[in-house]
Amino acid sequence: MAAVLVITELVAGKLRDESFELVALAERLAVAHGDEVVSLVIGAGISAAGQTLAKRTSGRVLLADDSRLGDYGLENYRAVARAALERVDARFVLMSATPIGWDLAPRLAAGLDVAYIGSATALECGGGDAKAVFTRRVFGGKLETRVAAPAGRAVVTFDGGAASATQGPAQRSDGGVVEELSFSLPSLARARFVERRSSDGAGVDLTKADVIVSGGRGVGDAAKFAEVIVPLADALGAAVGASRPVVDAGWLPRAHQVGSSGQVVKPKLYVACGISGAVQHLAGMKNAQYIVAINRDARAPIYQVADLGVVADLHEILPALTQALSKRAAGG
Amino acid sequence: MRILVFLRQVPRLRSDTPLDETAGWIDLSKAKFDPNSYDLFALEAALRLTDASQTADGSGEVVVVSAGPKRVVDALKSALEIGAHRAIHVFGDCYEAMDSLALARVFRTVCESEKPDLVLTGFMSDDGNAAALGPMLAELADFASATGIVAIEATAAGYRVERELEGGAFEVVDLDRPALATVQSGINEVRYPSLKDIVAARKKRIDTLELPAAELPTSATSLLSVAPAGSDGAATLLAGSVDEIVSQLVAKLDELRVL
Ligand SMILES: Cc1cc2nc3c(=O)[nH]c(=O)nc-3n(C[C@H](O)[C@H](O)[C@H](O)COP(=O)(O)OP(=O)(O)OC[C@H]3O[C@@H](n4cnc5c(N)ncnc54)[C@H](O)[C@@H]3O)c2cc1C
């Protein structure tokens, strides 16, 4: 029987939410093709995670539990994935579009000589047509393409949110089947994990802010950022956020970055100015309660998540808004 | 030290760029093209490594490679002006629509003949956003690899890189030579060529490589359709004069009780 292999991921010993989403997606693919779902958990001391997962899938769970697998290492994880791929005939291999997924998944696809579909956001399958179709965003989220793997085999990474993690089968009381995977790790790795570091955040904690005013590349330069974004934030008593290019260019310290590689925020109000709304930025702010976007391109993807939009030049709107707010505060 | 930099030439998407329904992509016929932004960071990182090795022992060469029709020569020329020492143009119209795996196969041939110590390329392309070419090439060429790096330095056995993870976390990885890394933004600021650099670039070599049709790989994926990305829920757009827009915004802020 062919299979859909899900390579799950742990963070601090716990399965990521995205891994449960993958299982839900795999269940759909498996039903459409008459395949089984096989989930792989890789790490050190992971039997509890394996049990949790077994209750959430109709299929088998393979455990690769080894002290050398606690930290991600490309060659070790690849060796484990290959061992699993020898054990099951995987039509599809699913991973999440995370630093581990984007490091390992394309290499697996190339090694298997099958299609690779990266950062998919949705899956269509089932019906009479057995071929699965994947949706992915291109051009920084502005366009959406539908992609298929005509040969019927693929390695796919999914963005978080591509499925609801609760779409899978109901919790199983019997606990599902957990099996140990046997594998051997390469004795000499050519890519060696040295250490993990984290930036100290430099005292900027955007996650606690009620209101965030963020600026993007569209603001223009550091001087304009200080001229239009900061005063508006002050007038609103808001924290200052930024997209990645703003901190890359040094207009603001990295600690202000919002997004998948910055902070993930959930304020009451998020004001995005001159930010296009690339997938990685949206990942950091789309759960804000209310989003206002100011962007002169009506097709900017930020409008996909915004509640309120102003399609205009931010240099005209923001100073006028700041002035109106200051006047009001002064009782005028 | 020889570093290969794979540089893609990407179409600029404008609000009036037409879509090509049969190709499942944008209509490239009238598009303007730029060098892929992430690949320029890779080029700059390569130049900084070879600048250092040239100072140390006189060795060091950056070879920039691009596949595509005639127009990609423009991207190669920009790279030579920025400082690449030599360029290879893998010539052909077929590369425009090839997926990452097929391109990785083509570039493996280039790696086999050039025998680089290091391959650098952008984390992803500005058009397809696949983030796959680098690691696929590393797999086919059997190189150690790391994706999304924000720092790199040469070591005795190879390279020490810093990968960016999520939420402000980083991972330091040692790669043995030959190695491949894909470069994330923020690693450096790309230098602007001086007039002298631009003049010097005219003397640099651009070799053309044409693969026999029989050796051209085919894509394993197929694009079925393309459309503007859909909305979760349509945003209400404010209209009117600046004053009218501002008073509507203030009213909304009032309603949200954030003032
Ligand atoms: C692995 C990875 C992780 C990443 N992590 C993050 C992250 O954490 N956070 C993040 O933000 N990005 C991240 N990125 C980068 C992301 O892909 C985008 O490149 C980035 O978000 C774009 O920033 P921007 O919207 O400011 O710039 P652009 O995309 O250049 O958008 C600028 C916008 O400003 C508008 N504009 C220009 N002038 C004006 C004007 N006068 N008035 C009004 N509007 C104007 C334009 O219409 C445009 O939409 C990551 C990328 C990768 C590959």
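Preceding block: the structure.
Residues numbered from 1 in each chain as written. Chains lettered and ligands numbered in written order. Predicted model: local features only at pLDDT ≥ 70, side-chain atom pairs only at ≥ 80, totals over all residues. Heavy atoms only, no water.

Caption draft 1: Just the overall build of chain A, in detail. Within chain A, the regular secondary structure consists of eight helices and 17 strands. Structurally, chain A occupies a C-alpha span of about 75 × 50 × 40 Å along its principal axes. The buried share among the 332 residues of chain A stands at 56%. A separation threshold of at least 6 residues defines the contact pool for chain A, and within that pool the share at least 24 residues apart is 63%. A total of about 13100 Å² of accessible surface is found on chain A, and carbon and sulfur atoms cover 49% of it. Computing the positive centroid from 35 side-chain charges and the negative centroid from 34, chain A places the two 1 Å apart. (Helix = DSSP H or I, 4+ residues; strand = E, 2+ residues; numbered from the N terminus. Buried < 20%, exposed > 50% of the residue type's maximum accessible area, 1.4 Å probe, protein only. Contact = heavy atoms within 4.5 Å. Areas by Shrake-Rupley, 256 points an atom, 1.4 Å probe, with all protein chains shown as cover. Lys, Arg positive; Asp, Glu negative; His and termini not counted. Charge placed at Lys NZ, Arg CZ, Asp CG, Glu CD.)

Caption draft 2: How the structure looks around the pattern of salt bridges. Under the criterion given, the structure shown has 41 salt bridges over all chains. Between A:Arg197 and A:Glu195 there is a salt bridge, and its shortest N-O distance comes to 3.5 Å. Residues B:Arg2 and B:Glu114 are paired through a salt bridge, measuring 3.3 Å at the closest nitrogen-oxygen approach. With B:Arg2 in strand β1 (residues 2–6) and B:Glu114 in helix α3 (residues 100–114), the pair connects residues that are 112 residues apart, well separated along the chain. With relative accessibility at 11%, the residue B:Glu114 sits in the buried group. In the salt-bridge network here, residues are joined through shared partners; they are A:Glu9, A:Arg16, A:Glu18 and B:Glu166. (Salt bridge = Lys/Arg side-chain N within 4 Å of Asp/Glu carboxyl O.)

Caption draft 3: Focus on helix α2 (residues 47–54) of chain A. Residues and elements named next belong to chain A. If you check which residues of α2 are buried, you get Ala-49, Gly-50, Leu-53 and Ala-54. The arc enclosing the buried residues of α2, seen along the axis, measures out at 135 degrees, which places them on a common side. Among the structural elements, β2 (10–11), β3 (14–15), α1 (17–33), β4 (36–43), β5 (60–65) and β11 (177–180) are those in contact with the buried residues of α2. (Arc of directions from axis to C-beta.)

Caption draft 4: Structural context of the sheet that holds strand β15 (residues 236–237) of chain B. On the basis of which strands lie adjacent, the open sheet formed by six strands has the order β14(A)-β13(A)-β15(A)-β16(A)-β17(A)-β15(B) and parallel pairing. Edge strands, defined here as strands with exactly one partner in the open sheet, are β14 (239–242) of chain A together with β15 of chain B. One ladder, built from five bridges, connects strand β13 (residues 211–215) of chain A with strand β15 (residues 269–273) of chain A; its direction is parallel. For A:Val213, the partnering residue across the bridge sits in β15(A) and is A:Val271. Against the sheet, helix α5 (residues 222–236) of chain A engages β13, β14 and β15 of chain A, with an angle of about 175 degrees to β13(A). (Pairing = 2+ DSSP bridges. Axes fitted to C-alpha atoms, helices over the stretch in contact; angles between N-to-C directions.)

Caption draft 5: Layout of the side chain of A:Asp103. Relative to the helices and strands, A:Asp103 resides in helix α4 (residues 99–112). Reaching out from A:Asp103, the side chain makes a polar contact with the side chain of B:Thr147 at a distance of 2.3 Å. Setting aside residues no more than four positions away along its own chain, A:Asp103 makes contact with A:Tyr72, A:Leu74, B:Pro135, B:Ala146, B:Thr147 and B:Arg163. (Polar contact = N/O pair within 3.5 Å; in protein donor to acceptor, adjacent residues only side chain to side chain.)

Caption draft 6: Structural context of the site of the ligand. Neighbouring residues of the ligand: 30 residues in total, closest A:Ser243, A:Val258, A:Ser261, A:Ser276 and A:Gln280. In this structure the ligand sits where residues from chains A and B come together. Here an oxygen atom of the ligand and a backbone polar atom of A:Gly274 are 3.1 Å apart. Protein chains bury 87% of the 980 Å² of accessible surface belonging to the ligand in isolation. (Near = heavy atom within 4 Å.)

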